[in-house]
Amino acid sequence: MGKYTVRVATGNLFLAGSPNLVQLWLVGEHGEADLGTQLRPVWGKVEFEIDVPLHLGRLLMVKLRKHNRLLSVDWFCKWISVQGPGTQGEVFFPCYRWVQGHGIICLPEGTARTLSDDPQNLFKKYREQELEERRKVYRWGSWKDGLILPIAGNRQPDLPRDERFLEDKDLDFSVSLAKALKDMAIKGTLDFINCVKRLEDFKKIFPRGKTALAERVHDSWKNDALFGYQFLNGANPMLLRRSSRLPARLVLPPGMEDLKTQLEKELQAGSLFEVDFSLLDGVKPNVIIFKPQYVAAPLVMLKLQPDGRLLPMVIQLQPPRYGCPPPLLFLPSDPPMAWLLAKTWVRSSDFQLHQLQSHLLRGHLIAEVIAVATMRSLPSLHPIYKLLIPHFRYTMAINTLARSRLVSEGGIFDLVVSTGSGGHVDILQRATACLTYRSLCPPDDLADRGLLGVKSSLYGQDAIRLWGIISRYVEGMVGLFYKSDQAVKDDLELQAWCREMTETGLQMAQDRGFPISLESRAQLCHFVTMCIFTCTGQHASNHLGQLDWYSWIPNGPCTMRKPPPISKDVTEKDIVDSLPNLHQAHMQKTVTDFLGRRQPVMVALGQHEEKYFSGPEPQAVLRQFREELAAMDKEIEVRNAVLDLPYEYLRPSMVENSVTI
C-alpha cells in the first residue's frame with residue numbers, strides 16, 4: 001500500500017507515440033493492481049504518481065494494454081520504471097518494441113533469469129506464453145533448396161513489426177536508393193551510346209575523391225603487391241591459406257621445372273600460400289541481354305616475402321580436364337597484358353565468392369538464423385536473449401530486401417553479375433554444404449588456414465583481438481548467471497535454442513561441427529561469442545571494403561564478357577572487351593556506392609542505448625567491454641597512422657552492432 005511513481009519512455013522518433021490510451025497493471029509477489037487508463041503515450045517520457053491500496057510486495061512485472069477507440073496507432077515503448085513501497089529504488093521494466101492491437105503485454109522486471117533462477121515458478125507461465133506467441137510470428141521460411149532457412153516473408157510488411165526498419169532507417173534507405181536509381185537511369189542512358197575503348201575510360205564512372213584507398217587502387221591496381229595484399233586485408237580476406245603441399249590441380253607442363261623448384265622452395269620455407277576458386281568450377285554463367293557471360297575457377301599460388309608482401313607466382317585460370325591439354329599457366333614474367341588479364345580474371349572470381357560466400361552467406365544469412373532461432377527459443381527474461389538481442393537490429397529486414405532485390409529473379413545479380421540467373425544460387429548451395437563451425441570462429445579459422453602469426457595479415461590480427469574482447473564480455477555475462485557446467489546442461493531453454501539453430505535454421509549442420517547441445521560454460525561462451533562476432537565483426541570485415549576495392553571496376557569486375565584466354569597474345573583491347581561494358585560497370589558502381597557508403601543511422605559495436613539487463617553487475621561487464629573496445633580502437637588508429645595502407649574494417653568504432661546493410 002502506498003504511492004507509486006511510474007515513468008514511461010516512448011521511442012525518440014516522430015511516429016513512435018500514439019494517441020491511444022494505455023492501461024497499466026503492477027504485478028507483485030502478493031497481488032496485482034490495476035492503475036486504470038492513466039497514460040497517453042506521446043513522444044518522450046511521461047511520469048505520474050498513483051496511490052495503490054494493495055500490498056504488492058516485490059514487483060515482478062508491468063502489464064499494459066493499448067485501448068483502441070476509433071483509430072489504432074502503434075506505440076513504440078522503450079521502457080517503464082516504477083518506484084514505490086518496497087522497491088528499494090527504481091525498478092526497471094525494459095520493452096524496446098512496438099505495442100500493437102489491444103492485447104495485454106507483460107514486461108517482466110529487467111533482472112535476467114534462467115529457469116533455475118525462478119524456483120517458485122513466478123515467471124514460468126509468462127515464459128511459456130511469450131515463446132508460444134513468438135513462434136507464431138517468427139516463423140521459418142524457405143528461399144531455395146539446399147540453403148539455410150530465412151525468416152518467413154517476402155517483403156518488409158510480412159515481417160514482425162519489431163523487425164522492420166524504424167522511420168529514420170527507412171527514410172535514409174528509401175531516399176538513398178531512389179537517388180541512386182535516378183542517377184543510374186539518367187546516366188545509364190548514355191552508357192549504351194558510349195563505350196569503353198581503353199582501361200582508363202573506366203574513369204568516366206570513377207569520380208575522384210571517393211576514398212583515399214579507392215584512389216590508391218585506381219593508381220596501383222596493376223601492381224602485384226597490391227594484388228596479393230587484397231587476399232590478406234582486402235574486401236575478402238577469407239580465402240587465403242598456407243599451402244601444405246602443391247595442389248593436385250596445379251599441373252606443371254614440361255619446361256616449367258624452374259617454377260616447380262621455386263614453388264617447392266617456398267613450400268619448404270612455409271612461405272607458400274594459395275587461393276583456390278574451385279567452388280566456381282562448373283557454375284553456369286549468366287546471359288545478359290542475349291549475350292553470354294563467363295565464369296572461371298582460378299588457382300593462385302603466392303609467396304610471402306620477408307617484408308610481409310604477398311606476391312603471386314603463378315595463376316591457373318581453370319582446373320585441368322580429363323583428356324584435355326593442361327590448362328595454361330600465367331606467370332609474372334609473361335607479357336604485361338597477358339599477366340594483367342589473368343589477374344583480372346582472379347579479381348572477378350574473388351568478387352563472386354566475396355559477395356556470395358563471404359558476405360551474403362557468412363555475414364547476412366548466418367546472422368539471420370541466429371536471430372530467428374533466438375526469437376523462437378529464448379524468452380526475454382533469459383540472459384542469453386538479453387545479451388544477443390542488440391545484435392539483431394534490422395537484420396531480418398535487410399536480408400528480406402536482399403532476397404527480393406539483389407539476388408532475386410530479375411534482381412541486380414541477374415542484371416549485371418556473371419553468376420546471376422541461377423549460378424549465384426548454385427554457389428550459395430555449394431558454400432553452405434562446406435560451411436563449418438570452425439570457419440566462423442577466427443582463432444580456429446585462421447589456425448586452419450595457417451595465418452596465425454602472419455604479421456602482414458592485419459585482418460587476422462584485428463579479428464583475433466576483437467574475438468578476444470567479445471569472448472571476455474560473453475564470459476563475464478555468462479559467469480553471472482551460470483555458476484557451473486551443470487547449470488548450462490540443465491537449462492532446457494538454452495538447449496532448445498542450440499538445437500533450433502543447428503538442426504532447423506542451419507539444416508542439420510551438426511556434421512559440420514555445429515553443436516546440438518551445450519555441455520559446459522566454456523562451450524556456451526564460445527558459441528555465443530561466435531554469434532556476436534558473426535553479427536558484427538564477421539559482417540564488417542566483408543562489407544566495409546566494398547567502396548575501397550570495387551569502385552575502380554577493373555579491380556573487381558562483376559562479370560566477364562569474354563572467355564578466359566587460351567594464349568598469352570593479349571592486348572589492352574582484349575582486357576577491355578572482357579570487362580563489364582559501361583552500363584554494367586555503371587550499375588556495379590551505383591550498387592557499390594549505395595551499399596558501401598557509411599551508414600548515417602549506425603550503432604557501433606557495444607554502443608547500443610537499450611538497457612536490457614537490470615542490476616549493477618551486468619552494467620559493469622558492459623562497461624568493461626566498451627573500455628576494451630575503445631582501447632582497441634585507439635591502438636588501431638595509432639597503428640594505421642604509420643601504415644602505407646591502413647586497415648580499418650575491424651576498428652570497433654566502424655563495426656556495426658548488427659547486420660543492417
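Worth saying up front: this structure is predicted, and the values here are computed from it rather than measured.

Moving on, we come to the packing of helix H6 (residues 336-377) against helix H15 (residues 521-543). Two numbers describe a pair of packed helices, the interaxial angle and the distance between the axes. Packing of H6 against H15 brings their axes to within 9 Å, and their N-to-C directions diverge by 150°. For the element pair H6 / H15, the angle class is roughly antiparallel. In terms of crossing hand, the pair formed by H6 and H15 is left-handed. For the pair H6 and H15, the contacting residues are His354, Ser358, His359, Arg362, Gly363, His364, Ile366, Ala367 and Ile370 in the first and Met530, Cys531, Thr534, Cys535, Gln538, His539, Asn542 and His543 in the second. Counted by class, the contact of H6 with H15 contains six nonpolar, ten polar and one charged residues.

The subject of this paragraph is helix H3 (residues 212-220). Those residues of H3 that sit buried are Leu213, Ala214, Glu215, Val217 and His218. Elements that come into contact with the buried residues of H3 comprise helix H4 (224-233) and helix H16 (546-550).

A separate point is the pattern of salt bridges. The tally for this structure, following the rule as stated, stands at 36 salt bridges. As a salt-bridge pair, Asp577 and Lys573 come within 2.7 Å of each other at their nearest N and O atoms. Separated by four residues within a single helix, Asp577 and Lys573 lie in helix H17 (residues 572-578), roughly one turn from each other. Linked through salt bridges whose partners overlap, the residues forming this network are Asp633, Lys634, Glu637, Glu648 and Arg651.

Further remarks concern the sheet that holds strand S4 (residues 45-52). Ordered by their spatial adjacency, four strands build an open sheet running S4-S1-S6-S7, and the pairing between neighbours is antiparallel. Two strands in the sheet have a free side with no partner beyond their single neighbour: S4 and strand S7 (91-99). On average, adjacent strands in this sheet sit at an angle of 20° to one another, irrespective of strand direction.

Mapped onto this structure's residue numbering, the UniProt feature "binding site: Fe cation" (unreviewed entry) falls at His359, His364, His539 and Ile661. Of the residues just listed, which span 303 residues, no C-alpha pair is farther apart than 11.0 Å, and they cluster in one region. Checked against the element boundaries, His539 lands in helix H15. By relative accessible area, which is 5% here, His539 ends up buried. Residue contacts for His539: discarding those within four places in its chain leaves His359, Gly363, His364, Thr534, Val659 and Ile661. Polar contacts involving the side chain of His539 include one to the side chain of His364, which spans 3.1 Å. Ignoring anything within four residues of it in the chain, the contact list for Ile661 reads Lys169, Phe173, His364, Ile398, His539, His543, Leu595 and Gln599.

Another aspect to go through is unusual backbone geometry. A positive phi angle, near 60°, is found at Ser421, a position not held by glycine. Residue placement: Ser421 occurs in the loop between helix H9 (412-416) and helix H10 (423-433). In the Ramachandran plot, Met508 falls in the positive-phi region, its phi being about 60° despite a non-glycine side chain. Inspection of the secondary structure puts Met508 in the loop between helix H14 (492-505) and H15.

One full turn of an α-helix is made of 3.6 residues, so residues set three or four places apart face in the same direction. In a regular helix each residue adds 1.5 Å, so 26 residues correspond to 38 Å; helix H19 (residues 616-641) covers 38 Å between its end C-alpha atoms and thus fits that length. Of all the residues in H19, the buried ones are Pro618, Val621, Leu622, Phe625, Glu628, Leu629, Met632, Asp633, Ile636, Arg639 and Asn640.

Conventions we followed
Residues numbered from 1 in each chain as written. Predicted model: local features only at pLDDT ≥ 70, side-chain atom pairs only at ≥ 80, totals over all residues. Heavy atoms only, no water. Axes fitted to C-alpha atoms, helices over the stretch in contact; angles between N-to-C directions. Helix = DSSP H or I, 4+ residues; strand = E, 2+ residues; numbered from the N terminus. Parallel < 35°, antiparallel > 145°, perpendicular 65-115°, else oblique. Left-handed = near helix turned anticlockwise from the far one by under 90°. Contact = heavy atoms within 4.5 Å. Nonpolar A, V, L, I, M, F, W, Y, C, P; charged D, E, K, R; others polar. Buried < 20%, exposed > 50% of the residue type's maximum accessible area, 1.4 Å probe, protein only. Salt bridge = Lys/Arg side-chain N within 4 Å of Asp/Glu carboxyl O. Pairing = 2+ DSSP bridges. UniProt positions renumbered as here; feature names shortened; annotations may be inferred. Polar contact = N/O pair within 3.5 Å; in protein donor to acceptor, adjacent residues only side chain to side chain. Expected span 1.5 Å × (residues − 1).

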